[in-house]
Protein chains: 2
Amino acid sequence: MISKSAPIGVFDSGVGGLTVAREIMRQLPNEKVVYFGDTARVPYGNKSKETVTRYSRQIVRFLLSQGVKTIVIACNTASAYALDEIEKEVDIPVIGVVKPGAAVAVQATSNGKIGVIATEGTIGSKIYSRYINEIDPLASVVGKACPLFVPLVEEGLWQDPVTDEIAKRYLTELIDIGIDTLILGCTHYPLIRSTLGRIMGEGVTLVNPAYETARELKELLEREDLLNSEEAKLGDNKYRFFVSDAAEKFKGFANSIIKYGILSAKTIKIEEY
Amino acid sequence: MISKSAPIGVFDSGVGGLTVAREIMRQLPNEKVVYFGDTARVPYGNKSKETVTRYSRQIVRFLLSQGVKTIVIACNTASAYALDEIEKEVDIPVIGVVKPGAAVAVQATSNGKIGVIATEGTIGSKIYSRYINEIDPLASVVGKACPLFVPLVEEGLWQDPVTDEIAKRYLTELIDIGIDTLILGCTHYPLIRSTLGRIMGEGVTLVNPAYETARELKELLEREDLLNSEEAKLGDNKYRFFVSDAAEKFKGFANSIIKYGILSAKTIKIEEY
């Protein structure tokens, strides 16, 4: 029996998943959230399926120990590599960010040409193509790995000529192909959304899976009758943040994304889970 | 009793330490090398002292299990954070890349103004200042963290206008101060040496700790009577490479740095050491 008042577990390789947590907080204001960022082993985007799956399993065990009622894999690479396995292994609902993003891209496209930008891992897994073609076998999906975007975002160059130049190089191919829909397939990318939108031009719809994931989570909780009907009370520890390293640094970055004022993040030894 | 024919253990957070391994192979052609790159947990530069030290200890246990006669910490961040502790804990000689780089910078400077570029971790530790001021208390040391250099190098932009632009931003401060010596305090940086040299100008000496570390290692082995007097024979497995993830990808990058033709790299589970 899962309790409605239990928190939602959200995890990512680091800080990027906070863009997903932020959407969950906006769209589901009654819900408690336990967030885990794997800052000791970040990034996941250039690591193998085996390693990312092993890390994800440890994090899921940690979140289960926190009594969560559902788990959101707020990392595209981990969703691409580990969602299928984890879904089979746990008793509570688990959702990733890839499927919701894929579904809305299919709705958004007019010409059936969808671009995906993401880490090497996510692109290499071809997971977006798989989900998109399950819905629309005729849609054409072109993926482009953009390994420099995460470090550029983490360096704070959200609006910068260098980010512009790198984005132009990465996106030219997708512009030439004539995509009309672009999935921001890495949780860091919404933070450079305005740069990406400007370069792609007005005719291209940008899909932010963070937004769609929160929407799908809401539907899921309604369907399973798991929505928290009570507002959180003061002292409830509504939002709790855990990391595997460097909690202070995480707090700084987190506060630039989430405007709720993150007071503390706790470091845990994730290898022990 | 340590055997002269035992290999030298070299480790790094990933591929960067190969620039150190390459110098060891050049300067000590009789020596066998066991290299470990922690590709599952790379990078170290933005992680905490505690985490980097814990990871380094696991790697040292792995290298000891391979029967190494000495250990080279071929990673500036790990040298900065973990060398002192590891030296106390093992019975064989251990050297890092920081001390040799510091020593040669003191010899190289004329005006006593030394710049250090490195990861956030290395700069934050102030380890280069400490070693330099132990030798020359009057030397003035200015550190500058350059977090984008590692991803730019790994993306292959060794000669590129973007790398130029980012390098100019990072280095302006050091140029303004009038340093005459610049320590490349991260093992990736020698790969963009020509860019850095061009921007700093002819009056500035670039110090590559990889070169100095191999020289110091040679002196150490001579002093301790540990030099391998025999040439390696065919089938000796002279150079062996281990990683914690993505061995194939490692091989590709490694072969662009080391020209010996790395035939194989083996993946091990480093958390189990």
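Residues numbered from 1 in each chain as written. Chains lettered and ligands numbered in written order. Predicted model: local features only at pLDDT ≥ 70, side-chain atom pairs only at ≥ 80, totals over all residues. Heavy atoms only, no water.

**Q** I would appreciate a short explanation of the overall build of chain A in the present structure.
**A** A count of helices and strands for chain A gives eleven helices and ten strands. For 273 residues, the compact-globule estimate of 2.2 N^0.38 gives 19 Å, and chain A sits close to it at 18 Å. C-alpha extents for chain A along the principal axes are approximately 50 × 35 × 35 Å. Here chain A holds 273 residues, and 59% of them are scored as buried. Partitioning the contacts of chain A with sequence separation of at least 6, the portion at a separation of at least 24 is 77%. (Helix = DSSP H or I, 4+ residues; strand = E, 2+ residues; numbered from the N terminus. Rg over C-alpha atoms; globule rule 2.2 N^0.38 Å. Buried < 20%, exposed > 50% of the residue type's maximum accessible area, 1.4 Å probe, protein only. Contact = heavy atoms within 4.5 Å.)

**Q** When you look at the packing of helix 4 (residues 98-108) of chain B against helix 10 (residues 209-223) of chain B in this model, what are you seeing that I'm missing?
**A** Residue and element names in this part refer to chain B. Across the interface, helix 4 lies against helix 10 with an axial gap of 8 Å and an inter-helix angle of 105°. When the axis of helix 4 is compared with that of helix 10, the two are roughly perpendicular. Across the interface between the two elements, Pro100, Gly101 and Val104 from helix 4 touch Pro209, Glu212, Thr213 and Glu216 from helix 10. For the contact of helix 4 with helix 10, the class distribution of residues is three nonpolar, two polar and two charged. (Axes fitted to C-alpha atoms, helices over the stretch in contact; angles between N-to-C directions. Parallel < 35°, antiparallel > 145°, perpendicular 65-115°, else oblique. Nonpolar A, V, L, I, M, F, W, Y, C, P; charged D, E, K, R; others polar.)

**Q** Looking at this structure, how should I read the sheet that holds strand 7 (residues 181-184) of chain A?
**A** All names here are of chain A. If you walk across this open sheet you meet the four strands as 6-5-7-8, and the pairing is parallel. Only two strands of the sheet have a single neighbouring strand rather than two, namely strand 6 (140-145) and strand 8 (205-207). Going across the sheet, the axis of each strand differs from the next one's by a mean of 25°, ignoring polarity. Examined bridge by bridge, strand 5 (residues 113-118) and strand 7 share four bridges and lie parallel to one another. Looking at the pairing, Val116 lines up with Ile183 of strand 7. (Pairing = 2+ DSSP bridges.)

**Q** Where do I start with the interface of chain A and chain B in this structure?
**A** Often, the extent of an interface is quoted as the loss of accessible area on bringing the components together. Between chain A and chain B, the residue contacts involve 30 residues of the former and 30 residues of the latter. Between chain A and chain B the total buried area reaches about 2,400 Å² when both faces are included, carbon and sulfur atoms providing 47% of it. For chain A, the biggest contributors to the area lost against chain B are A:Leu148, A:Glu155 and A:Glu271; these three give 19% of the whole. Our enumeration of links across chain A and chain B arrives at six salt bridges. A salt bridge links A:Glu120 to B:Lys249, with the shortest nitrogen-to-oxygen separation between them at 3.7 Å. There are 16 residue pairs in polar contact (both at pLDDT 80 or more) connecting chain A and chain B. Contributions of two or more residues to the side of chain A that touches chain B are made by helix 2 (49-65), helix 7 (149-154) and helix 8 (161-177) of chain A. Here the element with the most residues in the side of chain A that touches chain B is helix 8 of chain A; it accounts for six residues. Here the residues of the side of chain A that touches chain B sort into 13 nonpolar, five polar and twelve charged. (Buried area = accessible area lost by both parts, 1.4 Å probe. Salt bridge = Lys/Arg side-chain N within 4 Å of Asp/Glu carboxyl O. Polar contact = N/O pair within 3.5 Å; in protein donor to acceptor, adjacent residues only side chain to side chain.)

**Q** What is the right way to read the relation of the copies chain A and chain B from this model?
**A** Mapping one chain copy onto the other needs a rotation about an axis and a shift along that axis. It takes a turn of 180° to lay chain A on chain B, together with a shift of 0.0 Å along the axis; the resulting RMSD is 0.0 Å. Here the two chains are linked by the operation of a two-fold rotation axis. By C-alpha distance to the rotation axis, the residue of chain A lying nearest is A:Arg41, at 2.4 Å. Of the residues that chain A buries at the interface, 100% are likewise interface residues in chain B, meaning the two copies contact each other through the same surface. (Least-squares fit on C-alpha atoms with pLDDT ≥ 70 in both.)

**Q** Would you mind going over the side chain of A:Asp245 with me for this structure?
**A** In this structure, A:Asp245 sits in the loop between strand 9 (239-243) and helix 11 (247-257). Put simply, A:Asp245 is tucked away with no salt bridge, and the nearest opposite charge, on B:Arg54, sits 6.7 Å away. Here B:Thr51 takes part through its side chain, which lies 2.8 Å from a polar atom of the side chain of A:Asp245. For A:Asp245, the contacting residues outside a window of four places in its chain are A:Thr39, A:Ala40, A:Thr267, B:Lys47, B:Ser48 and B:Thr51. (Lys, Arg positive; Asp, Glu negative; His and termini not counted.)

**Q** Sorry, what's going on with the nonpolar core here?
**A** The nonpolar side chains of a soluble globular protein tend to be buried, and buried together. Counting residues in hydrophobic clusters, the biggest one holds 118 residues, and the most contacted among them are A:Phe149 and B:Phe149. Every residue in contact with A:Phe149, bar those within four places of it in the chain, is listed here: A:Ile117, A:Ile166, A:Ala167, A:Tyr170, A:Tyr189, A:Ile192 and A:Leu196. (Core = buried A, V, L, I, M, F, W, Y, C linked by side-chain atoms within 4.5 Å.)

**Q** Help me understand unusual backbone geometry in this model?
**A** Residue and element names in this part refer to chain A. Of note, the amide linkage connecting Val42 to Pro43 takes the cis form, showing an omega dihedral of -5°. Mapped onto the secondary structure, Pro43 falls in the loop between strand 2 (33-37) and helix 2. The residue Lys126 is not glycine, and still its phi comes out positive at about 55°. Within the secondary structure, Lys126 sits in the loop between helix 5 (120-125) and helix 6 (127-135). For Lys126, a relative accessible area of 57% corresponds to the exposed category.

**Q** Teacher, can you tell me more about the sheet that holds strand 10 (residues 265-267) of chain B here?
**A** Paired through backbone hydrogen bonds, the strands of a sheet run either parallel or antiparallel to each other. All names here are of chain B. The six strands lie next to each other as 4-3-1-2-9-10, forming an open sheet whose pairing is parallel. The sheet terminates laterally at strand 4 (94-96) and strand 10, the two strands that pair on one side only. Between one strand and the next, the sheet's axes are offset by a mean angle of 20°, whatever the strand orientation. Taken together, the three bridges between strand 3 (residues 70-73) and strand 4 define a ladder with parallel strand orientation. What sits directly across from Ile73, in strand 4, is Gly96.

**Q** What am I meant to see in the confidence of the model for chain A here?
**A** Detailed conclusions should not be drawn from predicted coordinates in areas where pLDDT is low. In this model, chain A carries an average pLDDT of 95, and 99% of its residues clear a pLDDT of 70 or more. Taken over the whole predicted complex, pTM reads 0.92, whereas the ipTM for its chain interfaces reads 0.90. (pLDDT = per-residue confidence, 0-100.)

**Q** Sorry, what's going on with the packing of helix 3 (residues 76-89) of chain A against helix 6 of chain A here?
**A** To characterise two packed helices, one gives the angle between the axes of the helices and the distance between these axes. All names here are of chain A. Contact pair helix 3 / helix 6: the axes reach a minimum separation of 10 Å and the direction vectors enclose 65°. The angle between helix 3 and helix 6 places the two elements in the roughly perpendicular class. Of helix 6, the residues touching helix 3 (which contributes Asn76, Ala80, Leu83 and Asp84) are Ile127, Tyr128, Arg130 and Tyr131. Each residue belonging to the contact of helix 3 with helix 6 can be placed in one class, and the counts come to five nonpolar, one polar and two charged.

**Q** Would you explain the pattern of salt bridges in this entry?
**A** Any two side chains of opposite charge can pair, so long as their charged atoms come close to each other. In total, this model carries 32 salt bridges over all chains according to the counting rule given. Among the ionic pairs, A:Lys251 bridges to A:Glu248, the shortest N-O distance being 3.9 Å. Residue A:Lys251 and its partner A:Glu248 are both found in helix 11; the two are separated by three residues, about one turn of the helix. The salt bridge partner of B:Asp164 is B:Arg198, with a shortest N-O separation of 3.0 Å. Of this pair, B:Asp164 sits in helix 8 (residues 161-177) while B:Arg198 sits in helix 9 (residues 193-200), and the two are 34 residues apart along the sequence. Among the charged side chains, a network of salt bridges with common partners joins A:Arg57, A:Glu85 and A:Glu89.

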